[in-house]
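Close look at the chain arrangement
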Amino acid sequence: QTEPQTVLLDKRGRVGWITLNRPRALNALNTELMNDVVGAVAAYDADPGIGVIVITGSEKAFAAGADIKEMQPKTFSEVYTEDFFADWDRLSAARKPIIAAVSGYALGGGCELAMMCDLIIASETAKFGQPEINLGVIPGIGGSQRLTRAVGKAKAMDLILTGRTIGAEEAERSGLVARVVPADRFLDVVGEVADTIASKSLPSVMMAKEVVNRAFETGLAEGVKFERRSFGSLFATEDQTEGMAAFVEKRQPEFRHR
Ligand code: CAA
């Protein structure tokens, strides 16, 4: 009997879905799953028919963390020389927007995976936390940096030092998630948001992601200059011509993603 695949892939229109699929381990992120996720993201990113990527899990768990059973026997030398978890950085190289659709547990590496995405949509059942401190370690896939940038020092210290879990409402209040959605409409709403973004002009969507992310990497004056240059460059696209003509002619634009 072959092992089930660790991710399920499904193209729906211009949206590329990636569903984490290790239900018996609550989608714990082992090396195989990491390679499958980053491979799928890279493939969708290169696919001209895809405008947006969605990463989701099951109703019970987005992902309950890095795979503790895989990590348990490792030594310092192994973790250091293998640069364990470094391949997750490849996810950040994606240039198309990635939505994390979180239902149930997003703990440890699961929370970190969600934060590597560009926008988090949470079901009201979602639970976020960085419980690594309970295992005698600390976040290892960017959590200490991305959580602090997302929710500020006070909340990040609270979550990372105590290991406590927060619900969707507190996560939204803290600025970690973009929207909280009723459980029974969760995937429908995610699909609607993804379709909305996928219907926009791809060059402007990709550039929008790039300029917002620049806010985390650079100072204000540099960032504003980068935005202005990027804004100007979109006037070289057919979609800018179409988008503005459609407004003036009081009709819907027909973007051709170029
Ligand atoms: N790694 C490996 N296996 C995991 C796992 C993980 N992170 N989380 C859950 N599982 C496994 C359990 O071991 C269990 O397997 P068995 O049936 O073989 O025992 C199965 O998934 C179901 O889990 P539970 O029986 O525990 O389910 P529950 O509903 O009682 O509890 C839970 C759910 C509260 C999420 C609990 O599973 C839990 O606390 N999981 C670990 C959470 C955690 O500590 N995450 C951080 C990991 S470290 C990390 O992520 C490092 C980093 O920064 C990268």
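If you look the chain up in an unreviewed UniProt entry, it shows as Probable enoyl-CoA hydratase echA8 from Naumannella halotolerans. Turning to the chain, the UniProt annotation filed under Sequence similarities (unreviewed entry) states: "Belongs to the enoyl-CoA hydratase/isomerase family."

1. Section: the nonpolar core
Counting 47 residues, the largest nonpolar core has Ile55, Trp88 and Phe128 as the members making the most contacts within it. The dominant element in this core, judged by the number of residues it contributes, is helix 1 (residues 31-46), at seven residues. Discounting chain neighbours no more than four positions away, the residues touching tryptophan 88 are Leu29, Leu33, Met34, Val37, Val38, Leu113, Met116 and Ile141. Residues Val52, Ile121, Val181 and Val189 belong to the second largest nonpolar core, which totals 14 residues.

2. Description of helix 8 (residues 186-199)
The terminal C-alpha atoms of helix 8, which comprises 14 residues, lie 20 Å apart, in line with the 20 Å expected from a rise of 1.5 Å per residue. Within the sequence span of helix 8, burial applies to Phe186, Val189, Val190, Gly191, Val193, Ala194 and Ala198. Looking at the buried residues of helix 8, the elements they touch are strand 2 (15-20), strand 3 (52-56), strand 5 (98-102), strand 7 (119-123) and strand 10 (179-181).

3. Some thoughts on the packing of helix 9 (residues 202-217) against helix 10 (residues 220-233)
It is the contact of helix 9 with helix 10, at a shortest axis distance of 10 Å, that shows an interaxial angle of 175°. Looking at the two axes, helix 9 sits roughly antiparallel to helix 10. Contacts between helix 9 and helix 10 involve Met207, Glu210, Val211 and Arg214 from the first element and Phe226, Glu227, Ser230 and Ser233 from the second. In terms of residue class, the contact of helix 9 with helix 10 is made up of three nonpolar, two polar and three charged.

4. Side note on the pattern of salt bridges
One pass over the structure, following the stated rule, counts 14 salt bridges. Across the pair lysine 225 and glutamate 222 runs a salt bridge whose closest N-O atoms are separated by 3.8 Å. You can see lysine 225 and its partner glutamate 222 sitting in helix 10, three residues apart, about one turn around the helix. A salt bridge links arginine 251 to glutamate 242, with the shortest nitrogen-to-oxygen separation between them at 2.8 Å. Judged by its relative accessible area of 34%, arginine 251 falls in the partly exposed class. Counted as one network, the salt bridges with shared partners bring together Lys155, Asp158, Arg164 and Glu170.

5. Observations regarding the site of the ligand
Among the 24 residues in the neighbourhood of the ligand, the closest are listed as Lys60, Gly109, Glu112, Glu132 and Gly140. At 2.9 Å from a nitrogen atom of the ligand is found a main-chain nitrogen or oxygen belonging to isoleucine 68. At 2.5 Å, a side-chain N or O of glutamate 132 approaches an oxygen atom of the ligand. Here the ligand loses 65% of its free accessible area of 980 Å² to cover by the protein chains. Those elements giving two or more residues to the shell around the ligand turn out to be helix 2 (68-71), strand 6 (105-107) and helix 4 (109-116). Broken down by element, the residue count for the shell around the ligand peaks at three residues, all from helix 2. Residue classes in the shell around the ligand are distributed as 14 nonpolar, four polar and six charged.

6. Structural notes on the pairing of strand 1 (residues 7-12)
Side chains on a regular strand alternate between the two faces of the sheet. Pairing geometry for strand 1 and strand 2, over six bridges, is antiparallel. Considered in strand 2, the bridge of arginine 12 is made with valine 15.

Conventions used here
Residues numbered from 1 in each chain as written. Predicted model: local features only at pLDDT ≥ 70, side-chain atom pairs only at ≥ 80, totals over all residues. Heavy atoms only, no water. UniProt positions renumbered as here; feature names shortened; annotations may be inferred. Core = buried A, V, L, I, M, F, W, Y, C linked by side-chain atoms within 4.5 Å. Buried < 20%, exposed > 50% of the residue type's maximum accessible area, 1.4 Å probe, protein only. Helix = DSSP H or I, 4+ residues; strand = E, 2+ residues; numbered from the N terminus. Contact = heavy atoms within 4.5 Å. Expected span 1.5 Å × (residues − 1). Axes fitted to C-alpha atoms, helices over the stretch in contact; angles between N-to-C directions. Parallel < 35°, antiparallel > 145°, perpendicular 65-115°, else oblique. Nonpolar A, V, L, I, M, F, W, Y, C, P; charged D, E, K, R; others polar. Salt bridge = Lys/Arg side-chain N within 4 Å of Asp/Glu carboxyl O. Near = heavy atom within 4 Å. Polar contact = N/O pair within 3.5 Å; in protein donor to acceptor, adjacent residues only side chain to side chain. Areas by Shrake-Rupley, 256 points an atom, 1.4 Å probe, with all protein chains shown as cover. Pairing = 2+ DSSP bridges.

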